[in-house]
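# Overview (structure and organization)
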Amino acid sequence: ENEVRFSLLSKTDSDLLSFFHDRLKVYLRDKGIRHDLIDAVITPESDDLLIISSKAEALQKLVDSEDGQNLIAGYKRAANILAAEEKKGTAIASEVSSDLLKVDPEKALNAAIDKAASDAEKAVASEDFEGAMSALATLRAPVDAFFEDVLVNDEDESIRANRLALLTRIRSATQTVADFSKISG
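Heads up: these notes are all about the structure in this document. (Residues numbered from 1 in each chain as written. Predicted model: local features only at pLDDT ≥ 70, side-chain atom pairs only at ≥ 80, totals over all residues. Heavy atoms only, no water.)

### Here we look at the side chain of Arg 163
Turning to its location among the elements, Arg 163 is positioned in helix α8 (residues 157–174). Judged by its relative accessible area of 6%, Arg 163 falls in the buried class. Here the side chain of Arg 163 touches Leu 151 through a polar contact of 2.7 Å, landing on its backbone oxygen. (Helix = DSSP H or I, 4+ residues; strand = E, 2+ residues; numbered from the N terminus. Buried < 20%, exposed > 50% of the residue type's maximum accessible area, 1.4 Å probe, protein only. Polar contact = N/O pair within 3.5 Å; in protein donor to acceptor, adjacent residues only side chain to side chain.)

Here it is in structure tokens:
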């Protein structure tokens, strides 16, 4: 009987949280925040409505900037390449090996991800979501340079796997603040 009561309570809590999410979405849309950005910061478990609101506002500012738009384009390009390669079963290294970084743009991107991810995590920990978005926006130039100057699908399998791992790091860094895969445009 206790198990049944617990699951009912859990369902009730979930329904109540879902109701609050729906109301918050309306409020944020009325403030001019795009629906896809709201979806990018809300998870079914998100229970701090103020944090959701702050993240959504910070994400809206990011996508309104040129750096933000280009970062999202770079993220989508990385995600599309990864999805295609994962579908084909291409080997992707579990982590980036600095020994296999051969050209300056990939070395610069790896270093930029180290810094941006660290800065974004620290900012999120202190609930500074604009700071976290600003940290991620610094990836724009190194991501652009990487895609302009580096061939991801190198003939050498280990280099290709390492470069794909680098793209995975782009995806992971952005996840510290929001689910960029839900952002359209």
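Still more to cover.
### Thoughts on the environment of Ser 184
Tracing the chain through its elements places Ser 184 in the segment after α8. For Ser 184, a relative accessible area of 44% corresponds to the partly exposed category. Sequence spacing of Ser 184 and Leu 37 is 147 residues, and the spatial spacing of their C-alpha atoms is 8.4 Å. With residues up to four places along the chain from it excluded, the contact list for Ser 184 reads Arg 34, Asp 36 and Lys 76. (Contact = heavy atoms within 4.5 Å.)

### Overview of the nonpolar core
Of all hydrophobic cores here, the largest spans 51 residues; its most connected members are Leu 59, Leu 136, Leu 139, Phe 146, Leu 167 and Phe 180. Ranked by the residues each element gives to this core, the list is headed by helix α5 (residues 104–125), at seven residues. For Phe 180, the residues in contact, after removing those within four places along its chain, are Leu 59, Leu 62, Leu 71, Ile 72, Tyr 75, Lys 76, Leu 136, Thr 174 and Gln 175. (Core = buried A, V, L, I, M, F, W, Y, C linked by side-chain atoms within 4.5 Å.)

### A look at the pattern of salt bridges
As enumerated under the stated definition, the model contains 13 salt bridges in all. Among the salt bridges present, the one from Glu 130 reaches Lys 61, with a minimum N-O distance of 2.9 Å. In this pair, Glu 130 sits in helix α6 (residues 129–137) while Lys 61 sits in helix α3 (residues 49–64), placing the two residues 69 residues apart along the sequence. Owing to a relative accessible area of 43%, Glu 130 belongs among the partly exposed residues under this scheme. By sharing partners, the salt bridges in this structure join Glu 66, Asp 67, Arg 140 and Asp 144 into a single network. (Salt bridge = Lys/Arg side-chain N within 4 Å of Asp/Glu carboxyl O.)

### Describing the environment of Ala 135
Topologically, Ala 135 is positioned in helix α6. Leaving out residues up to four positions away in the same chain, Ala 135 has contacts with Ala 116, Asp 119 and Ala 120.

### Concerning the packing of α5 against α6
The packing of two helices is summarised by the inter-axis angle and the distance between the axes. Running from N to C, α5 and α6 cross one another at 175 degrees; their axes reach a closest spacing of 8 Å. What the angle tells us is that α5 and α6 run roughly antiparallel. For the pair formed by α5 and α6, the contact residues are Ala 116, Asp 119, Ala 120, Ala 123 and Val 124 on the first element and Phe 129, Gly 131, Ala 132, Ala 135 and Leu 136 on the second. In the contact of α5 with α6, the residues fall into eight nonpolar, one polar and one charged. (Axes fitted to C-alpha atoms, helices over the stretch in contact; angles between N-to-C directions. Parallel < 35°, antiparallel > 145°, perpendicular 65-115°, else oblique. Nonpolar A, V, L, I, M, F, W, Y, C, P; charged D, E, K, R; others polar.)

### Let's talk about a nonpolar patch on the surface
Together, Leu 16, Phe 19 and Phe 20 line one region of the surface with nonpolar side chains, adding up to about 290 Å² of accessible area. On the secondary structure map, Phe 20 appears in helix α1 (residues 2–30). Classification of Phe 20 by relative accessible area gives partly exposed; the value is 38%. (Patch = residues over 30% accessible without salt bridge, like charges linked within 9 Å, V, L, I, M, F, W, Y side chains within 5 Å. Areas by Shrake-Rupley, 256 points an atom, 1.4 Å probe, with all protein chains shown as cover.)

### Considering the side chain of Gln 60
Mapping Gln 60 onto the fold places it in helix α3. With residues up to four places along the chain from it excluded, the contact list for Gln 60 reads Gly 32, Ile 33, Arg 34 and Leu 37.

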